[in-house]
Amino acid sequence: MDEQLKKLIDNVCCYPDPSPERQKALNRLLMLIQQLPGIYKSGHQDYLEALNQTWEWVSRKICEFEARSPSFQQSLVTWINGYLKWRIKDLYIADSNYTISLDRLTRNNEGDETTLLNILPDRQSESISLDLLDIKIAQIQEVERQCLGQRIWQYIEQDQEGKLKASHPRKNPECHCHLLTMRLLLQQPPHKIADIARELNISNQTLYSHWKKNCLPLLKDIGMNFGSDS
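Residues numbered from 1 in each chain as written. Predicted model: local features only at pLDDT ≥ 70, side-chain atom pairs only at ≥ 80, totals over all residues. Heavy atoms only, no water.

**Student:** Summarise the overall build of the protein; cite the residues concerned and give the values.
**Tutor:** Regarding its fold elements, the protein presents ten helices and two strands. For the protein, the sequential pattern of α-helices and β-strands runs α-α-α-α-β-β-α-α-α-α-α-α. Taken over 230 residues, the protein has a buried fraction of 45%. When contacts within the protein are restricted to residue pairs at least 6 apart in sequence, those whose partners lie at least 24 apart make up 61%. For the protein, the exposed area adds up to about 12900 Å²; of that, 49% sits on carbon and sulfur atoms. (Helix = DSSP H or I, 4+ residues; strand = E, 2+ residues; numbered from the N terminus. Buried < 20%, exposed > 50% of the residue type's maximum accessible area, 1.4 Å probe, protein only. Contact = heavy atoms within 4.5 Å. Areas by Shrake-Rupley, 256 points an atom, 1.4 Å probe, with all protein chains shown as cover.)

Rendered as structure tokens:
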């Protein structure tokens, strides 16, 4: 893998920027890099935006990359993650403008009333400034402890009212919010937008735009409804 990565990077860097030849070589390189184990993951709702920004940065800066460990692959992943983690940090800083009350009442696994703060995982090293959906995702990730998270997971998975399946691009009914939510948010590890788009024969941009503009607001509404339930 190290030799393959070195060769693909050399191919990119031997062509002028911009040029069709460089873009083709870059596409081959990005397809391989995106499959590498160890790329940093985050449960933030805008993680894919941060990831896309990272791939754009890699496209611009790849010829400046220098391996700093015996493993070329691991060194490359560390380099990419260094930038990606800063972009994700930016997302959480932006979230600090919208902070919910952690005193909101909900019910725990035993049916007793408690606050959101009591059922959140311990985050002593972080300031809690997540919006309501992020809290729900944290609950889903600890489903064995989070009764509310279980209910939201089941609601999304079943979609009995068809709200998620009803939201899709006009010309692509199969690209609905239920499928995207299951594969981009609840699947571990999340599927890649490029893979889903290729499977559904839809452009990456159209799929991402629908996810960002329609599916995420719909999921926020679901989170708000469960937050005010009981």
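**Student:** Please give an account of the state of the cysteines that cites residues and values.
**Tutor:** Using the criterion set out here, one finds two disulfides in the structure. Shown here is the disulfide that connects cysteine 13 with cysteine 63, its sulfur atoms set 2.1 Å apart. Measuring the twist about the S-S bond at about -110°, one finds the cysteine 13-cysteine 63 disulfide to be left-handed. Taken together, the residues span a long stretch of sequence, with cysteine 13 in helix α1 (residues 2-13) and cysteine 63 in the loop between α3 (47-61) and α4 (72-95) at a distance of 50 residues. Taking relative accessible area as the criterion, cysteine 63 reaches 41% and is therefore assigned partly exposed. What pairs with cysteine 177 in a disulfide is cysteine 215, and their sulfur atoms sit 2.2 Å apart. In this structure, the disulfide formed by cysteine 177 and cysteine 215 twists by about -85° around the S-S bond and is classed as left-handed. Of this pair, cysteine 177 sits in helix α8 (residues 177-186) while cysteine 215 sits in helix α10 (residues 204-228), and the two are 38 residues apart along the sequence. Accessibility assignment for this pair places cysteine 177 and cysteine 215 in one class, buried. Here cysteine 14 stays unpaired: no disulfide links it, and the sulfur of cysteine 13, its closest cysteine neighbor, is 8.0 Å away. (Disulfide = S-S within 2.5 Å.)

**Student:** Tell me what's going on with the nonpolar core, and back it up with residues and numbers.
**Tutor:** The biggest cluster of nonpolar side chains holds 52 residues, and the ones touching the most others in it are Leu29, Ile33, Leu180 and Trp211. Mapped onto this core, the elements with two or more residues apiece are α1, α2 (20-33), α3, α4, α7 (147-158), α8, α9 (193-200) and α10. Leaving out residues up to four positions away in the same chain, isoleucine 33 has contacts with Leu5, Ile39, Trp55, Val58, Leu76 and Ile80. (Core = buried A, V, L, I, M, F, W, Y, C linked by side-chain atoms within 4.5 Å.)

**Student:** Give me the lowdown on the environment of lysine 89, citing residues and values where you can.
**Tutor:** Structurally, the position occupied by lysine 89 is in helix α4. Each C-alpha atom of the pair lysine 89 and alanine 50 lies 9.5 Å from the other, and the pair is 39 residues apart in sequence.

**Student:** Tell me about α9, residues and numbers included.
**Tutor:** It helps to recall that an α-helix has 3.6 residues per turn; residues three or four apart then point in one direction. All of the buried residues along α9 are Ile193, Ile196, Ala197 and Leu200. Taken end-on, α9 shows its buried residues confined to a sector of 100°, consistent with a single buried face. Facing away from the buried side of α9 by more than 90 degrees, the exposed set consists of Arg198 and Glu199. (Arc of directions from axis to C-beta.)

**Student:** Tell me what's going on with the packing of α8 against α9, and back it up with residues and numbers.
**Tutor:** Between α8 and α9, whose axes approach to 11 Å, the crossing angle comes to 145°. Two packed elements cross with a definite hand, and for α8 against α9 that hand is right-handed. Only Ile193, Ile196, Glu199 and Leu200 of α9 make contact with α8, whose side of the interface consists of Leu179, Leu180, Arg183 and Leu184. In the contact of α8 with α9, the residues fall into six nonpolar, no polar and two charged. (Axes fitted to C-alpha atoms, helices over the stretch in contact; angles between N-to-C directions. Left-handed = near helix turned anticlockwise from the far one by under 90°. Nonpolar A, V, L, I, M, F, W, Y, C, P; charged D, E, K, R; others polar.)

**Student:** Kindly report on α2, identifying the contributing residues and their values.
**Tutor:** Across its 14 residues, α2 extends 20 Å between first and last C-alpha, which sits within 8% of the 20 Å expected from 1.5 Å per residue. Along α2, the positions that sit buried rather than exposed are Arg22, Ala25, Leu26, Leu29, Leu30, Leu32 and Ile33. Here the buried residues of α2 occupy an arc of 155° about the axis, which is enough to place them on one side. Of the exposed residues in α2, the ones pointing more than 90 degrees away from its buried face are Pro20, Lys24 and Met31. (Expected span 1.5 Å × (residues − 1).)

**Student:** Tell me about the environment of aspartate 2, and name the residues and values.
**Tutor:** If you trace the backbone, aspartate 2 turns up in helix α1. In this structure, aspartate 2 is in contact with Pro70, Ser71, Phe72 and Gln73, ignoring residues within four places of it in sequence.

Such coordinate-based values are descriptive only and should not be taken to indicate function.
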